[in-house]
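Coordinate analysis (summary)
This is what each chain is made of:
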Amino acid sequence: MANELKDINDIVKKCKILLLDIEGTTTSISFVKDKLFPYAEEKVKQFLESQWEQDDVKEAVTALRKLALEDKEKSVDGVVNIPGEDASKEDQIEGVVNNVKWQMSADRKAGPLKQLQGLIWKQGYDNGDIKGHVYDDVSPALEQWQSVEGQKVYIYSSGSVQAQKLLFGQSEAGDLLRFIEGHFDTAVGAKQEADSYSAIAESIGCKPDEILFLTDVVKEAEAARAAGLHAALVSREGNAPLPAGAGAAFAVLHSLAQLASNKRKTEAQDELPAKIAKTDNEGNAKSEPDVEPVISASVEKEIKKSEKMEVEEEEKVISSAKEVKEQKEAEAACVVTETIVEEVTDEPMDIPVADVEPIVIEEIVENTEKKKTDEMVIDSTKSEPSTTESKGKEDMVDERIKENSPKKAAPVAEETPPTVITEIEEVTMKKF
Ligand SMILES: CSCCC(=O)C(=O)COP(=O)(O)O
Ligand SMILES: [Mg+2]
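An unreviewed UniProt entry annotates the protein chain as Enolase-phosphatase E1 originating from Parnassius apollo. As its UniProt record puts it under Function (unreviewed entry), the protein chain is described as follows: "Bifunctional enzyme that catalyzes the enolization of 2,3-diketo-5-methylthiopentyl-1-phosphate (DK-MTP-1-P) into the intermediate 2-hydroxy-3-keto-5-methylthiopentenyl-1-phosphate (HK-MTPenyl-1-P), which is then dephosphorylated to form the acireductone 1,2-dihydroxy-3-keto-5-methylthiopentene (DHK-MTPene)." UniProt, in the comment section headed Subunit (unreviewed entry), describes the protein chain in these words: "Monomer."

**As for the overall build of the protein chain**
Helix and strand counts for the protein chain stand at 14 helices and 12 strands. Burial status across the protein chain gives 48% buried among its 432 residues. When contacts within the protein chain are restricted to residue pairs at least 6 apart in sequence, those whose partners lie at least 24 apart make up 77%. Within the structure as shown, the protein chain displays about 20,700 Å² of accessible surface, and the carbon and sulfur contribution to it stands at 49%.

**A look at the coordination of the magnesium ion (ligand 2)**
Protein-derived ligands of the magnesium ion (ligand 2) are Asp21 (OD), Asp21 (OD), Glu23 (O) and Asp216 (OD), with the metal-ligand distances lying across 2.2 to 2.7 Å. Residue class for Glu23 comes out buried when judged on its relative accessible area of 15%.

**Brief notes about the packing of helix α2 (residues 29-51) against helix α5 (residues 111-126)**
With their axes 8 Å apart at the nearest point, α2 and α5 run at an angle of 90° to one another. Taken as axis vectors, α2 and α5 run roughly perpendicular relative to one another. Here α2 contributes Phe31, Leu36, Phe37, Tyr39, Ala40, Lys43, Val44, Phe47, Leu48 and Gln51 to the contact with α5, which in turn contributes Lys114, Leu116, Gln117, Leu119, Ile120, Trp121, Gln123, Gly124 and Tyr125. Looking at side-chain class alone, the contact of α2 with α5 contains 13 nonpolar, four polar and two charged residues.

**Brief notes about the site of ligand 1**
As a structural note, the neighbourhood of ligand 1 is formed by 15 residues, with Asp21, Lys109, Lys114, Ser157 and Lys191 the closest of them. Backbone polar atom of Glu23 to an oxygen atom of ligand 1: 3.0 Å apart, as the coordinates give it. The contact in question runs from an oxygen atom of ligand 1 to an N or O atom on the side chain of Lys114, over 2.8 Å. Those elements that provide at least two residues to the shell around ligand 1 are α2, α5 and α7 (161-169). Broken down by element, the shell around ligand 1 gets its largest block of residues, three residues, from α7. Partitioning the shell around ligand 1 into residue classes produces six nonpolar, four polar and five charged.

**Some thoughts on the side chain of Asp216**
Looking at the element boundaries, Asp216 is found in the loop between β4 (211-215) and α9 (218-226). This buried residue, Asp216, is left without a salt bridge; Lys191 holds the nearest opposite charge, at 6.0 Å. Setting aside residues no more than four positions away along its own chain, Asp216 makes contact with Asp21, Glu23, Gly24, Thr25, Ile29, Leu233, Val234, Asn239 and Leu242.

**Re the pattern of salt bridges**
Considering all chains together, one arrives at 15 salt bridges under this definition. Across the salt bridge formed by Lys109 and Asp107, the nearest N and O atoms sit 3.8 Å from each other. Judged by its relative accessible area of 32%, Lys109 falls in the partly exposed class. The exposure class of Asp107 is partly exposed, given its relative accessible area of 29%. Across the salt bridge formed by Arg236 and Asp137, the nearest N and O atoms sit 2.8 Å from each other.

**Digging into the UniProt feature "binding site: Mg(2+)" (unreviewed entry) in the protein chain**
The UniProt record annotates "binding site: Mg(2+)" (unreviewed entry) at Asp21, Glu23 and Asp216. The greatest C-alpha distance among the annotated residues, which extend across 196 residues, is 7.8 Å, indicating that they converge on a single site. Its place among the elements puts Asp21 in the loop between β1 (17-20) and α2. For Asp21, a relative accessible area of 3% corresponds to the buried category. Among the polar contacts made by the side chain of Asp21, one reaches the side chain of Thr25 at a distance of 2.7 Å.

**A closer look at the environment of Gln258**
In this fold, Gln258 is placed in helix α11 (residues 257-263). Taking the C-alpha atoms as reference points, Gln258 and Asn9, 249 residues apart in sequence, are found 8.8 Å from one another. Side-chain polar atoms of Gln258 contact the backbone nitrogen of His254, separated by 2.9 Å. Within the local environment of Gln258, its side chain forms a polar contact with the backbone nitrogen of Ser255, the two atoms lying 3.1 Å apart.

**A word on α9**
Restricting attention to buried positions, one finds in α9 the residues Val218, Glu220, Ala221, Ala223, Ala224 and Arg225. Here the buried face of α9 lies against α8 (194-204), β4, β5 (230-234) and α10 (246-249).

**Digging into the pairing of strand β2 (residues 152-156)**
For a regular strand, the rule is simple: side chains alternate between the two faces of the sheet. For β2, the buried fraction is high: four of the five residues fall into the buried class. Bridge count between β1 and β2: four bridges; the pairing is parallel. Looking at β2, one finds that Ile17 is bridged to Lys152. Sheet topology places β2 next to strand β3 (residues 182-184); three bridges connect them, and they run parallel. Bridge pairing links Tyr156 to Phe184 in β3. With α7 bridging β2 and its parallel neighbour β3, the resulting β-α-β unit is right-handed.

How each quantity is defined
- Residues numbered from 1 in each chain as written.
- Chains lettered and ligands numbered in written order.
- Predicted model: local features only at pLDDT ≥ 70, side-chain atom pairs only at ≥ 80, totals over all residues.
- Heavy atoms only, no water.
- UniProt positions renumbered as here; feature names shortened; annotations may be inferred.
- Helix = DSSP H or I, 4+ residues; strand = E, 2+ residues; numbered from the N terminus.
- Buried < 20%, exposed > 50% of the residue type's maximum accessible area, 1.4 Å probe, protein only.
- Contact = heavy atoms within 4.5 Å.
- Areas by Shrake-Rupley, 256 points an atom, 1.4 Å probe, with all protein chains shown as cover.
- Donors = N, O, S within 2.8 Å, 3.2 Å for Na, K, Ca; no water.
- Axes fitted to C-alpha atoms, helices over the stretch in contact; angles between N-to-C directions.
- Parallel < 35°, antiparallel > 145°, perpendicular 65-115°, else oblique.
- Nonpolar A, V, L, I, M, F, W, Y, C, P; charged D, E, K, R; others polar.
- Near = heavy atom within 4 Å.
- Polar contact = N/O pair within 3.5 Å; in protein donor to acceptor, adjacent residues only side chain to side chain.
- Lys, Arg positive; Asp, Glu negative; His and termini not counted.
- Salt bridge = Lys/Arg side-chain N within 4 Å of Asp/Glu carboxyl O.
- Pairing = 2+ DSSP bridges.
- Right-handed = clockwise from strand over helix to strand, strands pointing away.

Printed below as a string of structure tokens:
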């Protein structure tokens, strides 16, 4: 079955929608556990005392009180009661604070808890106490994915939609919301329930098997797969080790840069000859209908990082190719050898990558006289969406989730496979 593919290269080729978990996927678990959670715990009392009359705070407290009653009815172990509205403000606040601390100690992912946490974190982001952590590969990967016509990025996290927007809007890598089409939280359903993923696909307006969901939690990946989505696991430094067998059941990524690096290496593209940007009469680059989108310098940097091992392999092949070439030159006078190699970077490699065939093309050309080195550039055909436009779409998605009556969005356009090929054409020519 298509949704059981375990090769990330094959999966990526099939998907238009990238659906991302946050904690352990885009963001370190340590940031959530050691920064966000302690911040909420430390500030909750003071926050409730100063914001008690605010509508969004009243809403969160009402939801927490309702949840506490449900927990009590279910005899949930350790449940902390929240006094009713007839109790004094101090008693109610004390009850809410204790209830919140109890839920957080159990790392519960309950919606009302996440709602209140989001409100407290907003103050922290607004006053500069907090900046959202995202791994270095996240911004380039989001930018690259959504730069391809028809491809979109969505977030699905237990953290409230508000908390998600704060994290990505005020991240260490800047405002990343312009790359994100929409957000889902547990209002759509629990992350370990298959139905949640069906609802997300319906809300986005695409087929389940057009979505690739990335998460650090196997049960979430299994739920997504049960709904027909593609799923892969993300293993970051600091994550809990994946259970035995997880790697056999799912592709495992160590960096989102692997998406870009694999996406551009589709079989069809590997068969294509290299393309040179064409120019008009004034020397400006002309867009060609069949020219693949170029990625930004930052994306290229991330791809290079994840391809260093691959490039090292290529260098070995190239070096031996050069030896063969020299031999050929010795054998045949007036022979020119053209070798096309991928650009090489000196940056350190810290992430494993999937095996990819190195590109080594040799061509024999007769009677050519000059030597040259050139860079081949493939021009972009896609401009960035505006923040306003993106935000409008997010709100639409969030609203659909709130209403709990998902409507179909316009179907996304057919996939255009992205190409990121920066190549050095090295032409060595000798005349004998
Ligand atoms: C949105 S930031 C807060 C993260 C959070 O509260 C949380 O529970 C993370 O869960 P995730 O589903 O992203 O693993
Ligand atoms: Mg997670």
